[in-house]
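# Architecture and fold: a report
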Amino acid sequence: MQINTITTQPYSDQNPGTSGLRKKVRVFQEKGYLENFVQSIFDSLDETAGKTLVLGGDGRYFNRQAIQTIIKMAAANGFSELIIGQGGLLSTPAASHIIRKCEAYGGLILSASHNPGGPDDDFGIKYNVGNGGPAPEKYTNAFYQRSLTIDSYRIAEMGDVDLDTIGSTQIDRLKITIIDPVSDYAELMQSIFDFNLLKQSIGSGYITLRFDAMHAITGPYAKRILVDMLGAPEESVINATPLEDFGGHHPDPNLAHAHELAELMFGPHAPIFGAASDGDGDRNMITGSQIFVTPSDSLAIMAANARLIPAYAKGLSGVARSMPTSQAVDRVAAAYKLPCFETPTGWKFFGNLLDAGKITLCGEESFGTGSDHVREKDGLWAVLFWLNLIARKRQPVADIVHEHWQKFGRDIYSRHDYEAVETEIANGIVEHLRNQLPTLPGQTFGEFTVKFADEFSYADPVDDSVSKNQGIRVGFTDGSRIVFRLSGTGTVGATLRIYLEKFEADPAKHDQDAQEALAELIKLAEQFCEVKKRTGRTAPNVIT
Ligand code: VG1
Ligand code: CO
């Protein structure tokens, strides 16, 4: 095999964000752009020679081309085996599982997750380490530093590999194995949940369900597991065919983007359970007939009921949530005397806690929940968790949620996103917020008195690494919070996220509309950050 060393110019913008490097497809198609980043990753790893790499993506536009390029580069960089999902497909949690199961050195996942796909939209690439989780910051910093000085990459001269036929081929010293992307993952799910009970509950008609795959990666996974294995009717899975452009939609599971499902769930013919997942299959939206479960509540409810699920029957070692996620899970942890950790946004911060056995469950407000079964958040896992819970409790979703609130109180929660804000304006907002931090504590605004105001910094209890500037928090004496941070996954300008939460202990007030209940905090957030004033906008782009 002829290996060529190609001279290249560094790009200055290959700094991975919250979850890998995400850019417009056209940027990735620029000369050497993809190659530079992949070589920067390979150069930063201790070793590539003789190692196994897992490779797959969410099937979005440019997936196949990128995979062919990466195969040739992996061959040139001395890897000895590549494990690739058929068709170049692997959901993010499935990739995480395969890395762990095959004891691979790491994996490359090609996805821009919930961002739209197509020639004019987004693409992304992320490196996962041997535990199956996203590379921690010390790696991603190294990738970025390397990308700033890179002057050549290595690529093998070889034809395109057939990605569609399952089986192994040997090309010189490189073994390439194409695997079924679903079967290992389906087997893992079967080892966690009570599939017999689920089959009965679905077969008897007690559980009726609708899963919206949003034309993204979870279609084949949901069909195999929910329809073939658990016996749900074919029509239970909608938008099940993965498309390169997700049918022109945002594959983002929330009430705004999964509107077909939302209409059904709040209409007269709603099934007992409805859910959706995102582009790469790691997010989940949970709904029941006439009710939407916020991701923060979902995490808390899972933690409170984990013993009902076979894999967690012995109880949890601890729980964790990202900083902007509501404190609902903290209340469960306090009641059950479980350790509870608060980490920065992004799944990479849960890895050490999971590896060290300090936590079993973790989640984020951004529709992400997961456990120690893999090292990524996992959409279908969350769906099966809820189905198993409904089957065990024999209660509809609304009853499960209301009972939980009665016991623990409700953390009324919402997130407001201002997307594609001019970078300079967004930086100005953050600066303005930062300047106010020293003066806020002790001040009273209407019914709210500021208890603390700071910029979140995280010291990892396992490896003592410190991550600074992870979002601005304003906490009030009654436990309410407003959090501000800039997104690290967008590809146009900056996205300001405002997270709002308020605790309500009184069951008589649990049915309030979140936007109404949070109205005072929403006003206060504007007073602090001036996003409307500074951008001239009148409302957020997305409210979740
Ligand atoms: C967002 C979410 C964060 C999540 C990340 C990756 O990041 O807020 O909680 O971990 O997306 O999820 P940011 O920096 O834009 O707020 V995914 O499903 O897009 O890989
Ligand atoms: Co995702």
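Going by the annotation in an unreviewed UniProt entry, the name recorded for the protein is phosphoglucomutase (alpha-D-glucose-1,6-bisphosphate-dependent), with Methylomicrobium album BG8 given as the source organism. In its Sequence similarities (unreviewed entry) section, the UniProt record describing the protein reads: "Belongs to the phosphohexose mutase family." UniProt, in the comment section headed Cofactor (unreviewed entry), describes the protein in these words: "Mg(2+)".

### Re the nonpolar core
In this structure, Leu82, Ala303 and Val319 are the most contacted members of the largest nonpolar core, which totals 125 residues. The greatest single-element share of this core, amounting to eleven residues, is contributed by helix H13 (residues 379-393). Each of domain 1 (2-180) and domain 2 (184-408) contributes no fewer than three residues to this core. Leu496, Tyr499, Leu518 and Leu521 belong to the second-largest nonpolar core, a separate cluster that totals 30 residues.

### A closer look at the confidence of the model for the protein
Atom-level detail of predicted coordinates should not be read off regions where pLDDT is low. A residue-level look at the protein finds 100% of positions with pLDDT of 70 or above and a mean pLDDT of 96. Interface confidence for the predicted complex, expressed as ipTM, amounts to 0.97; the pTM equals 0.94.

### Some details on the environment of Asn128
Inspection of the secondary structure assignment puts Asn128 in strand S6 (residues 122-128). Given 28 C-beta atoms within 10 Å, Asn128 falls into the buried group. Once the C-alpha coordinates of Asn128 and Val54 are considered, the two residues, 74 residues apart in sequence, prove to be 9.1 Å apart.

### Section: helix H7 (residues 195-203)
Along H7, the residues classified as buried are Leu198, Ser201 and Ile202. The arc that holds every buried residue of H7, seen down its axis, measures 95°, which confines them to one face. Exposed side chains of H7 directed beyond 90 degrees from the buried face belong to Asn196 and Gly203. Residues of H7 that are buried sit in contact with H13. The first or second residue beyond H7 is Gly205, which carries a positive phi of 90°.

### So, the sheet that holds strand S4 (residues 81-89)
One open sheet accounts for seven strands, arranged S2-S6-S5-S3-S4-S9-S8; its pairing is mixed. Each having just a single partner strand, strand S2 (21-24) and strand S8 (167-171) make up the two edges of the open sheet. Adjacent strand axes in the sheet meet at a mean angle of 15°, parallel and antiparallel pairs treated alike. Relative to S4, strand S3 (residues 52-57) is paired through five bridges, and the arrangement is parallel. Counterpart to Gly57 in the pairing with S4 is Leu89. Against the sheet, helix H4 (residues 92-101) touches S3, S4, strand S5 (106-110) and S6, its axis set at about 165° to S5.

### Details of unusual backbone geometry
Backbone geometry places Asp172, a non-glycine residue, at a positive phi of 55°. Within the element layout of this structure, Asp172 appears in the loop between S8 and strand S9 (174-179). Phi angles above zero are rare outside glycine, and Phe367 is one such case at about 70°. Mapped onto the elements, Phe367 comes out in the loop between strand S17 (361-364) and strand S18 (368-371).

### Points about the site of ligand 1
Neighbouring ligand 1 are 18 residues; Thr18, Ser113, Ser487, Gly488 and Thr489 lie closest to it. Taken together, the residues of the shell around ligand 1 sort by class into one nonpolar, twelve polar and five charged.

### What about the UniProt feature "domain: Alpha-D-phosphohexomutase alpha/beta/alpha" (unreviewed entry) in the protein?
UniProt records the feature "domain: Alpha-D-phosphohexomutase alpha/beta/alpha" (unreviewed entry) for residues 14-153, 184-286 and 296-408 in the present numbering. Helix makes up 38% of residues 14-153 and strand 24%, with an end-to-end C-alpha separation of 15 Å. A helix fraction of 36% and a strand fraction of 14% characterise residues 184-286, whose end C-alpha atoms lie 24 Å from each other.

### Some details on the domain arrangement of the protein
Segmenting the protein into domains produces domain 1 (2-180), domain 2 (184-408) and domain 3 (410-543). Computed from C-alpha coordinates alone, the two centres of domain 2 and domain 3 are separated by 26 Å. Listed by partner, the interface residues are 19 residues for domain 2 and 20 residues for domain 3. If you list the elements that add at least two residues to the side of domain 2 that touches domain 3, you get helix H12 (351-355) and helix H14 (397-408).

### Side note on the sheet that holds strand S10 (residues 209-212)
One open sheet holds the five strands; their spatial order is S11-S10-S12-S13-S14, and the pairing between them is mixed. Looking along the sheet, the strands with just one partner apiece sit at the ends: strand S11 (237-238) and strand S14 (291-293). In this structure, S10 lies alongside strand S12 (residues 273-277), joined through four bridges in parallel fashion. Its bridge partner being in S12, Arg210 is matched across the sheet by Gly274.

### Observations concerning helix H3 (residues 63-76)
Under the 1.5 Å per step criterion, the end-to-end length of H3 is 20 Å for 14 residues, consistent within 8% with the ideal 20 Å. Along H3, ten of the 14 residues are buried, which leaves the element largely enclosed by surrounding structure. For H3, the full list of buried residues reads Asn63, Ala66, Ile67, Ile70, Ile71, Lys72, Met73, Ala74, Ala75 and Ala76. Remark: Gly78 follows H3 within two positions and exhibits a positive phi of approximately 90°.

### Let's talk about the pairing of S3
Burial analysis of S3 places six of its six residues in the buried class, the great majority of the element. By the alternation rule, side chains of S3 split into Thr52, Val54 and Gly56 and Leu53, Leu55 and Gly57, which are all buried. One crossover worth recording links S3 to the parallel S4 by way of H3, and it is right-handed. Here S3 pairs with S5 via five bridges, running parallel. Residue pairing for S5: Gly57 is matched across the bridge by Leu110.

Cut-off values and rules
Residues numbered from 1 in each chain as written. Chains lettered and ligands numbered in written order. Predicted model: local features only at pLDDT ≥ 70, side-chain atom pairs only at ≥ 80, totals over all residues. UniProt positions renumbered as here; feature names shortened; annotations may be inferred. Core = buried A, V, L, I, M, F, W, Y, C linked by C-beta atoms within 7 Å. Buried ≥ 20, exposed ≤ 12 C-beta atoms within 10 Å, placed from the backbone. Helix = DSSP H or I, 4+ residues; strand = E, 2+ residues; numbered from the N terminus. Domains from an automatic or database assignment. pLDDT = per-residue confidence, 0-100. Arc of directions from axis to C-beta. Contact = placed C-beta atoms within 7 Å. Pairing = 2+ DSSP bridges. Axes fitted to C-alpha atoms, helices over the stretch in contact; angles between N-to-C directions. Near = placed C-beta within 6 Å. Nonpolar A, V, L, I, M, F, W, Y, C, P; charged D, E, K, R; others polar. Expected span 1.5 Å × (residues − 1). Right-handed = clockwise from strand over helix to strand, strands pointing away.

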